[in-house]
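Observations on chain architecture
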Amino acid sequence: MTKRAILQLDGLTCPSCMTKIQSALQNQAGVEKVQVLFNASKAKADFDDSQVSAEQLAAVVDKLGYEVKKIKVKDSVAAN
């Protein structure tokens with residue numbers, strides 16, 4: 001089932017941070033679409049929960065050196 005993870009981030013200081021996070025998340029198995037919002041310090045990822053979890057996505061961001069302050073998961077990608 002496709003779900004949407006919304007990760008509240010800390011540590012975004014420049015647009016290259018945004019690109020780095022977006023690229024790392026997009027390269028994860030099961031991730032369909034990623035959007036990182038620099039001004040809102042959020043990353044949104046649509047993912048197949050049979051292949052990857054929101055917690056695993058947060059771990060990818062943590063490994064890059066950015067803190068995930070909060071994880072929210074929505075069951076439907078149609079819901080923004």
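Scroll up a little and you will see the structure.
Remember, predicted model here, so these are calculated numbers, not experimental data.

Our focus in this paragraph is the packing of helix 1 (residues 15-26) against helix 2 (residues 54-63). Between helix 1 and helix 2, whose axes approach to 10 Å, the crossing angle comes to 140 degrees. As judged from the angle between their axes, helix 1 and helix 2 are oblique. Classified by chirality, the crossing of helix 2 by helix 1 is right-handed. Together, Ile-21, Ala-24 and Leu-25 of helix 1 and Leu-57, Val-60 and Val-61 of helix 2 make up the contact between the two elements. Classifying every residue of the contact of helix 1 with helix 2 by side-chain character gives 6 nonpolar, no polar and no charged.

In terms of strand pairing, strand 2 (residues 31-37) meets strand 3 (residues 42-48) through 6 bridges, oriented antiparallel. Counterpart to Gln-35 in the pairing with strand 3 is Lys-44.

Turning our eyes to something else, we now look at the pairing of strand 1 (residues 2-10). Alignment of strand 1 against strand 3, held across 7 bridges, turns out to be antiparallel. In the strand pairing of strand 3, Leu-7 is matched with Ala-43. As judged from the 7 bridges shared by strand 1 and strand 4 (residues 67-74), these two strands associate in the antiparallel manner. Bridge pairing in strand 4 places Gln-8 opposite Lys-70.

Rules and cut-offs
Residues numbered from 1 in each chain as written. Predicted model: local features only at pLDDT ≥ 70, side-chain atom pairs only at ≥ 80, totals over all residues. Heavy atoms only, no water. Axes fitted to C-alpha atoms, helices over the stretch in contact; angles between N-to-C directions. Helix = DSSP H or I, 4+ residues; strand = E, 2+ residues; numbered from the N terminus. Parallel < 35°, antiparallel > 145°, perpendicular 65-115°, else oblique. Left-handed = near helix turned anticlockwise from the far one by under 90°. Contact = heavy atoms within 4.5 Å. Nonpolar A, V, L, I, M, F, W, Y, C, P; charged D, E, K, R; others polar. Pairing = 2+ DSSP bridges.

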